[in-house]
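# Structural overview for review
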Amino acid sequence: MSQKETYENPDLKKERQNCPFNKEEITNLLDGGKEKTAERKQLENYILSDEQLKDAVPMEYLSHADKYAEELRKACLLMHKLENSPAGQVPTLRALMGAGLGSAVLKEGNPLALHYVMFIPALMGQGTIDQQAKWLAKAYNLNIIGTYAQTELGHGTFLRGLETTATYDPNTQEFVLESPSLTAYKWWPGSLGKTANYAVVMAQLYTKGKCEGTHPFMVQLRDEETHEPLPGIVIGEIGPKLGMNTNDNGYLGFEKFRIPRDQLLMKHSQVLEDGTYVKPTNSKLSYATMVFVRVVVCQDVTTNLRKAVTIATRYSCVRRQSELKPGDREPQVMDYQAQQNKLLPPLAATFAFQLASDHLWNLYNTANNNIEQGDLELLPDLHGLSCALKALCSSEGANFVEVCRQSCGGHGYMACSNFPRIYGQVTAAETYEGENTVLWLQVARYLVKTRKEQTGGLSVKYLIGEEKGPKTVDTTLEGIVHLYRRTAVGLVDVAIAELEKSGRKGEAPHDAWNHAAVYLIKAAQAHARLFVVESFVNSLKVGNLSAPVRTVLSQLCELFIIYWLLERSGELFFVRQFIKKRLVTVEFQVRTLLYVKLLAAIRPQAVNLVDSFDLRDEILASPLGCWDGNVYQRLFDEAAKSPLNQSSVHESFHKYLKPLLKSNL
Ligand SMILES: Cc1cc2nc3c(=O)[nH]c(=O)nc-3n(C[C@H](O)[C@H](O)[C@H](O)COP(=O)(O)OP(=O)(O)OC[C@H]3O[C@@H](n4cnc5c(N)ncnc54)[C@H](O)[C@@H]3O)c2cc1C
């Protein structure tokens, strides 16, 4: 355990006795090995022992501007600490930008995050070797701080609708950047409001009187000494949001702002001195960066979900409420089956999402090696898979976090429970890096194409050829995976049938597509769930897990895949031409019985399982979820920090309330 406490809530202590599996084995599995766990712990000690990185006053009580200043102070201090980090610079940066260690220090968002997460990857992915030589060292040394400015006030999803223009002037060999309307203003880029002095800006490239589409440009926004916006740059912060309030998301407009020709990032397409446009050799290449970022999003969502589940599970074992058996002591709320039904599926989901993200990460590395040998074949498939997994993890993750919050009753609604922040971060991932609905429809397009043309990548091979529906109820894991696969194929077929029906009615393909959206999204979601389920089941077949760990993970796996099946039961009826109606009924009866049994079997290990996540109290940042379970004392201590408790009577009483009380209305 990361922290040795003198107090330990007796209920939590009991939960931790006689754990049948080795918690450290699960910790190591999640970290990626024993050495990685040791490295992580060492890094956590290094960062979290620094008094200067602690908050004197909880963030909630600071003004919007003070929050930003305080987080920027800590973000800069963290960068100074990089050099002496025991884990090395790259792993340290990754940990500091992520939802684990980084969030313990920078609770409301890191003002430098976009620099590392988007700006540097964009330079690497879009810049030529010369451009990288010019800018990358400066970026790594933090001589410049950048962001990625794509979204505008008027357009986010529809890239072709972006209005910012970059018009080439061959006389001066410059591009002229212009925001022709209010809706052309960049709106949303993180770090843009106050922190960044450079940005990779996406703009419509015009040369020789022709628009060549959106392209990335390297643009200096502020003076490197004074930080004042350069003439022709209009810049500001967009204001408070649901979460991530110190990411200083900003707006940006251009008034005939000139940049040299060589600031078009020209790895894929170029504009020559005379204005001639040279097309990209292969547009698929830019997929690779997006895949990378989406895997990182899935990992961060999973870490956030682990935090929510840990807080809710520990609290549910400390909290006693109502009466289960008349006359008996109030039970731990975790002993209610209804509570287990809320918390054990998200607990299982943390493993499912992590194993699926690991699987995708391995595929990404294989694809990257292939790219180096000039083989791009895996890329479209990987792109589809990363869209599907990102949309699934973020949407399911946000729902699960909200369930965890509700499972803590009123105390879950406290800001100090940390649920509002966790939810704010996870739900944001439903929108950025590709809005989820839009991603589902992209995935659906790939599925429909594969099914119709009977050709596609590895992840969609199951759509090629026919697969028979099950004839009997097969309660093995393989049996249920088969059901998932059959449902996914069936839903793609239903969507295609819908499209064809509209076609026969004479609808244009785009109208038919729009009118089949509900079916298409269901098909894409079923495809994503199949990937997660298969990854979970297959991961447990390999690796040298001890028998007790394999047992508990297998229970979680089974619980999770039955949970989804029951939740999505309507979809089986959609595809019932493939699966007999009687069989569907039996399926549900058998599966529900098994699900309930699994809840009871996993319940005793819930605390041990969340302990295995090895999340330090500083990362959980919640009195409800602390390792020692001293929930009520900690809640009281948090309340004592409220500025309203610094005096027995607030000055506003004398100003407003007393006159009202005395006014005899
Ligand atoms: C926390 C946060 C951080 C961000 N950071 C950045 C950043 O650093 N840089 C940056 O450039 N941007 C950033 N963004 C912007 C983000 O990328 C966009 O918000 C996102 O791409 C969605 O675009 P939009 O806001 O225009 O939504 P819209 O596309 O207008 O979506 C509105 C609704 O329309 C639906 N819709 C849109 N198109 C279709 C379609 N074809 N079919 C069906 N439904 C459709 C959507 O599903 C949604 O329900 C950030 C956003 C957030 C929330």
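Source: prediction; values computed, not measured.

Let us look at the packing of aromatic side chains. Each aromatic ring pair is specified by the distance between its two centres and by the angle formed by the two planes. The final tally for this structure, using the stated rule, is 13 aromatic pairs. Here F292 and Y364 contribute two aromatic rings whose centre-to-centre distance is 6.2 Å and whose plane-to-plane angle is 40°, an arrangement assigned as tilted. With F292 in helix α9 (residues 287–318) and Y364 in helix α10 (residues 337–372), this residue pair connects regions lying 72 residues apart in the sequence. Relative accessible area serves as the criterion here: at 29%, F292 is assigned to the partly exposed category. Between F560 and W564, the aromatic rings sit 4.5 Å apart at their centres with planes inclined by 50°, giving tilted as the arrangement. Here F560 pairs with W564, and both are found in helix α17 (residues 547–567), just four residues apart, close to one helical turn. Here the two residues F560 and W564 agree in accessibility, since each one is buried. Each member of the aromatic cluster is reached from another via a ring pair, and the members are F353, F400, F560, Y563 and W564. Note that K81 overlies the ring of Y46, its terminal NZ or CZ placed 4.5 Å from the centroid. Above the plane of the ring of W513 lies R445, whose end atom (NZ or CZ) is 4.0 Å from the centre.

Moving on to the site of the ligand. Not every one of the 18 residues close to the ligand is listed here, only the nearest: Q150, T151, G156, T157 and E435. In this structure, a nitrogen atom belonging to the ligand sits 2.7 Å away from a side-chain N or O atom of T151. One of the backbone N or O atoms of G190 is found 3.1 Å from an oxygen atom in the ligand. Contact with the protein chains hides 61% of the accessible area of the ligand, taken as 970 Å² for the molecule alone. No other element matches helix α13 (residues 436–453), which puts three residues into the shell around the ligand. Broken down by class, the residue content of the shell around the ligand amounts to eight nonpolar, nine polar and one charged.

Moving on: the pairing of strand β8 (residues 250–254). Along β8, four of the five residues are buried, which leaves the element largely enclosed by surrounding structure. Relative to β8, strand β4 (residues 186–187) runs antiparallel, the two sharing two bridges. Paired with W187 across the two strands is Y251, which belongs to β8. Across five bridges, the pairing between strand β7 (residues 233–237) and β8 is antiparallel. Opposite G236, over in β8, you have Y251 as the bridge partner.

Using the residue numbers shown here, the UniProt feature "domain: Acyl-CoA oxidase C-alpha1" (unreviewed entry) corresponds to residues 287–448. Secondary structure over residues 287–448 splits into 76% helix and 0% strand, and the C-alpha atoms at its two ends are 20 Å apart.

Throughout the structure, instances matching the rule amount to two cavities of 30 Å³ or more. Reported here for the largest cavity is a volume of approximately 100 Å³. In this structure, the largest cavity is lined by Y484, T487, A526, R529, W564, L565, R568, E571 and L572. Residue assignment for the lining of the largest cavity shows that the elements contributing at least two residues are α14 (477–504), α16 (517–541), α17 and α18 (569–574). Of all elements in the fold, only α9 and α12 (419–431) reach the threshold of two or more residues within the lining of the second largest cavity. Top contributing element to the lining of the second largest cavity by residue count: α12, with three residues. Residues that form the lining of the second largest cavity fall into these classes: three nonpolar, four polar and three charged.

What counts as what
Residues numbered from 1 in each chain as written. Predicted model: local features only at pLDDT ≥ 70, side-chain atom pairs only at ≥ 80, totals over all residues. Heavy atoms only, no water. Phe/Tyr/Trp six-rings, centres within 6.5 Å; stacked < 30°, edge-to-face > 60°. Helix = DSSP H or I, 4+ residues; strand = E, 2+ residues; numbered from the N terminus. Buried < 20%, exposed > 50% of the residue type's maximum accessible area, 1.4 Å probe, protein only. Lys NZ or Arg CZ within 6 Å of the ring centre and 35° of its normal. Near = heavy atom within 4 Å. Polar contact = N/O pair within 3.5 Å; in protein donor to acceptor, adjacent residues only side chain to side chain. Areas by Shrake-Rupley, 256 points an atom, 1.4 Å probe, with all protein chains shown as cover. Nonpolar A, V, L, I, M, F, W, Y, C, P; charged D, E, K, R; others polar. Pairing = 2+ DSSP bridges. UniProt positions renumbered as here; feature names shortened; annotations may be inferred. 1 Å grid on protein atoms, 1.4 Å probe; cavity = no way out; pocket = protein on both sides within 12 Å on 5 of 7 lines; lining within 4 Å. Points joined across faces, edges and corners; volume = space filled by probe spheres on them.

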